[in-house]
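# Architecture at a glance
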Amino acid sequence: MVSYKELGLVNTREMFAKAIDGGYAIPAFNFNNMEQLQAIIMAAAETKSPVILQVSKGARAYANQTLLRYMAQGAVEYAKELGWKKPQICLHLDHGDSFETCKSCVDYGFSSVMIDGSSLPYDENVALTKKVVEYAHQFDVTVEAELGVLAGVEDEVSAEESHYTKPEEVIDFVSKTGCDSLAISIGTSHGAYKFKPEQCTVDPATGRLVPPPLAFNVLEEVEKKLPGFPIVLHGSSSVPQEEVDTNNAHGGKLQAAVGIPEEQLRKAAKSAVCKINIDSDSRLAMTAAIRRVFDEKPAEFDPRKYLGPARDNMKKLYIHKIVNVLGSDGKAE
Ligand code: G3H
Ligand code: 13P
Ligand code: ZN
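Before going into details, it helps to say that this report is about the structure given with it.

Analysis parameters
Residues numbered from 1 in each chain as written. Chains lettered and ligands numbered in written order. Predicted model: local features only at pLDDT ≥ 70, side-chain atom pairs only at ≥ 80, totals over all residues. Helix = DSSP H or I, 4+ residues; strand = E, 2+ residues; numbered from the N terminus. Rg over C-alpha atoms; globule rule 2.2 N^0.38 Å. Buried ≥ 20, exposed ≤ 12 C-beta atoms within 10 Å, placed from the backbone. Near = placed C-beta within 6 Å. Nonpolar A, V, L, I, M, F, W, Y, C, P; charged D, E, K, R; others polar. Contact = placed C-beta atoms within 7 Å. Axes fitted to C-alpha atoms, helices over the stretch in contact; angles between N-to-C directions. Left-handed = near helix turned anticlockwise from the far one by under 90°. Core = buried A, V, L, I, M, F, W, Y, C linked by C-beta atoms within 7 Å. Pairing = 2+ DSSP bridges.

Helix and strand counts for the chain stand at 13 helices and 10 strands. Against the 2.2 N^0.38 benchmark of 20 Å for 333 residues, the chain shows a C-alpha radius of gyration of 19 Å, consistent with a compact globule. Overall, the chain is about 60 × 50 × 35 Å in size when its C-alpha atoms are taken along their principal axes. A total of 333 residues make up the chain; the buried ones form 48% of that total.

Around ligand 1, the surrounding shell consists of Asn30, Ser56, Lys57, Gly58, Ala59, Asp94, His95, His190 and Asp279. Put simply, the parts of the chain that give the shell around ligand 1 at least two residues each are helix 3 (57–63) and strand 3 (89–96). When residues of the shell around ligand 1 are assigned to their parent elements, the largest contribution, 3 residues, is made by helix 3. Along the lines of polarity and charge, the residues of the shell around ligand 1 split into 1 nonpolar, 5 polar and 3 charged.

Next up on the list: the environment of alanine 44. With respect to the secondary-structure elements, alanine 44 resides in helix 2 (residues 34–47). Alanine 44 sits in the buried class, given 30 other C-beta atoms within 10 Å. Placed 44 residues apart in sequence, alanine 44 and glutamine 88 show a C-alpha to C-alpha distance of 9.0 Å.

Let us look at the environment of proline 27. Within the fold, proline 27 resides in strand 1 (residues 26–30). The class of proline 27 is buried, set by 27 C-beta atoms lying within 10 Å. In this view, proline 27 contacts Ser49, Val51, Ile52, Ile276, Ile278, Lys321, Ile322, Leu326 and Ser328; residues no more than four positions away in its chain are not counted.

Time to look at the packing of helix 2 against helix 4 (residues 65–81). One way to put it is that helix 2 packs onto helix 4 with a least axis distance of 10 Å and a crossing angle of 35°. The two elements helix 2 and helix 4 cross, and the hand of that crossing is right-handed. Of the residues in helix 4, those touching helix 2 at Met34, Leu37, Ile41, Ala44 and Ala45 are Met71, Ala75, Tyr78 and Ala79. Across the contact of helix 2 with helix 4, the residue classes break down as 9 nonpolar, no polar and no charged.

Here the focus is the nonpolar core. Ile40, Leu53 and Val113 are the most contacted members of the largest nonpolar core, which totals 94 residues. Excluding residues within four positions of it along the chain, valine 113 makes contact with His92, Leu93, Gly96, Cys102, Cys105, Val106, Val132, Ala136, Val141 and Val143.

Right, let's get into the pairing of strand 1. Counted residue by residue, strand 1 has 5 buried out of 5 residues, so it is predominantly covered. Sheet topology note: the strand 1/strand 10 (residues 273–278) ladder contains 4 bridges and is parallel. Across the sheet, residue phenylalanine 29 finds its bridge partner in strand 10, namely isoleucine 278. Of the pairings in the sheet, the one linking strand 1 to strand 2 (residues 51–55) comprises 3 bridges and is parallel in character. By the bridge assignment, alanine 28 is partnered in strand 2 with isoleucine 52.

Attention now moves to the sheet that holds strand 4 (residues 112–115). Where strands meet in a sheet, backbone hydrogen bonds hold them as pairs that are either parallel or antiparallel. Taken in spatial order, the 8 strands of this closed barrel run 1-2-3-4-5-6-9-10, and their pairing is parallel. Ignoring strand direction, the axes of neighbouring strands in this sheet form an average angle of 25°. Strands strand 4 and strand 5 (142–147) of the sheet are contacted by helix 6 (residues 122–137), whose axis makes an angle of about 165° with strand 4.

Next up on the list: the pairing of strand 10. A large share of strand 10 lies buried, amounting to 6 of its 6 residues. Relative to strand 10, strand 9 (residues 231–233) is paired through 3 bridges, and the arrangement is parallel. Bridged to isoleucine 231 within strand 10 is valine 273.

The structure is reproduced here in structure tokens:
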């Protein structure tokens, strides 16, 4: 058993309280490898932004949970070396799928866990979330839960509405489970293909796909039911078209990739939404930079020569998100 406090990490409680008061959101960036982690920490340290490092099931399978935890511990020291006196870094389990997984992360030094019971019947989601909360809170680890199902890209448009979080359930869910934050479904989804082309309109000036707006009415209803309670948005990549274009110009095949427009995320960040999850945009930025090097310098084979530019591009993306979308810069001196 190791406490995250010994590792210099923080849970989400204070971060979220300040974010709601201040009308901004904390970035939750997924990481799977060193370059991604370096880019996140450089961006957070440079902008003095609190940050949540997220570890998914896929990341644990790919990189090993223990190694990722030590990397996060190293990240705290690295942040200090970069001149960030009091780094506000949370290590968070993304989409925990069982009590055992959440327990193992709590026991290994994570400061926050998500238990994702959103695909379960309501009562089972309540029971599982409550069990995780009871365990995690003994160690002052915060717990994110989820209510409502994020639409899959294969879902029919008509089915999406019924997957939105039902505002009438949130008070009961939060009071029964004791969770610290709640991920809701208002039209975002995971990946780089969030909407089918037929759900979008076409911008005549650019020829780009314009997705339908998020269900801000659902968010507002949830906020009315749970004033001041931290709300989380998953699936919040914007799928920057310049990164899609760079990928495609250098051998990629990303057709009709479309994300959440930044102005909608800016609006969400000013509300009770205080954690915004971004993974796919970093994948696009990383791969775009690597593809460019492979295409333009085919004789290059030193990984640092393509992972370095990939890291630079991710750092630029993270800074952009922090400063221009979430507004979390300068909130963790
Ligand atoms: O929630 C989804 C995240 O983007 C993580 O995805 O399981 O492929 O690492 P992953
Ligand atoms: P994106 O796929 O939109 O980046 O969402 C990531 C996420 O929600 C991780 O939990
Ligand atoms: Zn997610």
